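Here's the letter readout for the chains.
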Amino acid sequence: MAAERGARLRVTALLILVGVAITVYAVDQVSKHVVVTTLAEGEIVQVLGDVLHWQFVRNPGAAFSFASGMTWVFTILAAGVITFIIWFAGRIRSIAWALVFGLLLGGVLGNLTDRLFREPGFGIGHVIDFISTPWMLPAIYNVADIAIVSSMILFMILTIRGIGLDGSRPARDGGAEAAEPAVDPGREARGGGAPAELARES
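Predicted model only: the values in this text are computed from it and were never measured. (Residues numbered from 1 in each chain as written. Predicted model: local features only at pLDDT ≥ 70, side-chain atom pairs only at ≥ 80, totals over all residues. Heavy atoms only, no water.)

Draft legend 1. Inspection of the environment of T75 at higher detail. Assignment of secondary structure puts T75 in helix α2 (residues 71–88). Spatially, the C-alpha atom of T75 lies 9.3 Å from that of T113, the residues being 38 residues apart in sequence. In contact with T75, not counting residues within four places along its chain, are L112, R115, L116 and G123. Here the side chain of T75 touches G123 through a polar contact of 2.8 Å, landing on its backbone oxygen. (Helix = DSSP H or I, 4+ residues; strand = E, 2+ residues; numbered from the N terminus. Contact = heavy atoms within 4.5 Å. Polar contact = N/O pair within 3.5 Å; in protein donor to acceptor, adjacent residues only side chain to side chain.)

Draft legend 2. Spotlight on the packing of aromatic side chains. Across all of its chains, the model carries 8 aromatic pairs by this definition. When the ring of W54 is compared with that of F130, the centres are 5.6 Å apart and the planes differ by 70°; the resulting orientation is edge-to-face. With W54 in strand β2 (residues 52–59) and F130 in strand β3 (residues 127–132), this pair connects stretches of sequence that are 76 residues apart. The exposure class assigned to W54 is partly exposed, which follows from its relative accessible area of 29%. Exposure remark for F130: the relative accessible area of 4% places this residue in the buried category. When the centroid spacing of 5.9 Å and the interplanar angle of 45° are considered together, the rings of F84 and W87 count as tilted. Separated by 3 residues within a single helix, F84 and W87 lie in helix α2, roughly one turn from each other. What makes F84 partly exposed here is its relative accessible area of 38%. Members of the aromatic cluster, connected to one another through ring pairs, are F84, W87, F88, W97, F101 and F155. (Phe/Tyr/Trp six-rings, centres within 6.5 Å; stacked < 30°, edge-to-face > 60°. Buried < 20%, exposed > 50% of the residue type's maximum accessible area, 1.4 Å probe, protein only.)

Draft legend 3. Examining helix α3 (residues 95–117) more closely. A rise of 1.5 Å per residue sets the reference length of α3, with its 23 residues, at 33 Å; its end C-alpha atoms lie 32 Å apart and thus fit the reference within 8%. The buried count for α3 comes to 17 of 23 residues, which makes it a mostly enclosed element. For α3, the side-chain oxygen to backbone nitrogen distance between the N-cap and A96 is 3.3 Å, and the N-cap itself is S94. (Expected span 1.5 Å × (residues − 1).)

Draft legend 4. Spotlight on the nonpolar core. Judged by nonpolar contacts, the single largest core of 21 residues is most densely connected at L17, I92, W97 and F101. Looking at this core, the elements that each hand over two or more residues are α1 (2–38), α2, α3 and α4 (143–161). Ranked by residues supplied to this core, first place goes to α3 with 8 residues. By size, the runner-up hydrophobic cluster in this structure holds 9 residues, among which are V35, I128, F130 and Y141. (Core = buried A, V, L, I, M, F, W, Y, C linked by side-chain atoms within 4.5 Å.)

Draft legend 5. Examining the pattern of salt bridges more closely. On inspection of all chains with the given rule, the structure shows 4 salt bridges. For K32, the salt bridge identified is with D114, shortest N-O distance 2.9 Å. Note that K32 is positioned in helix α1 and D114 in helix α3, a separation of 82 residues in sequence. The burial state of K32 is the same as that of D114; both residues are buried. Between E41 and R58 there is a salt bridge; the shortest N-O distance is 3.3 Å. In this pair, E41 is assigned in the loop between α1 and β1 (44–48) and R58 in strand β2, connecting sequence segments 17 residues apart. Through salt bridges that share partners, D28, K32, D114 and R118 make up one connected network. (Salt bridge = Lys/Arg side-chain N within 4 Å of Asp/Glu carboxyl O.)

Draft legend 6. Representation of the sheet that holds β1 within the structure. The 4 strands lie next to each other as β1-β2-β3-β4, forming an open sheet whose pairing is antiparallel. Looking at strand neighbours, the two that pair on one side only are β1 and β4 (140–141), the edges of this open sheet. Where β2 lies against β3, 5 bridges are found, and the strand directions are antiparallel. Within β3, the position partnered with N59 by the bridge is V127. Of the strands in this sheet, β3 and β4 touch α4, which is tilted by about 80° from β3. (Pairing = 2+ DSSP bridges. Axes fitted to C-alpha atoms, helices over the stretch in contact; angles between N-to-C directions.)

From the geometry alone we can't say anything about function, so treat these as descriptive.
Have a look at this one:
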């Protein structure tokens with residue numbers, strides 16, 4: 001039974017990971033396509049006043065426009081991250097951890113696609129950024145960046161809470177196991193178990 005339950009949890013976690021990754025990747029790529037086909041580079045569109053802008057830029061660096069000019073490095077790192085997640089996915093039994101790696105995989109795939117297939121060339125393509133929130137961050141970012149950062153935040157929360165890849169939590173004093181009454185072997189040997197109690201009551 002335990003093996004079957006573990007197998008079901010693994011399949012569920014894997015489906016969630018893949019589903020989240022595909023969703024993030026699709027939303028990221030569709031939103032970038034819309035931006036590239038409808039906005040001029042550098043154009044700013046106010047969506048919610050000064051709270052949210054669309055601003056089309058091409059970013060040669062990492063998330064949030066950091067480390068510009070190191071595109072090849074991030075392309076290699078992204079490929080390494082994707083390889084690791086694919087290799088590691090089979091060990092996950094937790095929905096929360098599946099969400100972490102699904103967000104990370106979808107986000108990394110989204111930006112890696114840009115670096116591989118967008119101008120100026122294969123492996124050094126510029127990532128499409130368009131989300132601007134000047135009141136919160138001075139950088140411009142995209143859906144993939146949001147997914148990556150969200151996965152890191154969730155990763156830290158799960159790590160701090162001590163939740164394992166199988167969904168287990170650290171044991172606490174006075175928990176369910178501690179609350180269970182201990183069995184007196186001597187009592188059972190004397191016939192003082194549940195059948196004897198029922199016999200006295202009858």
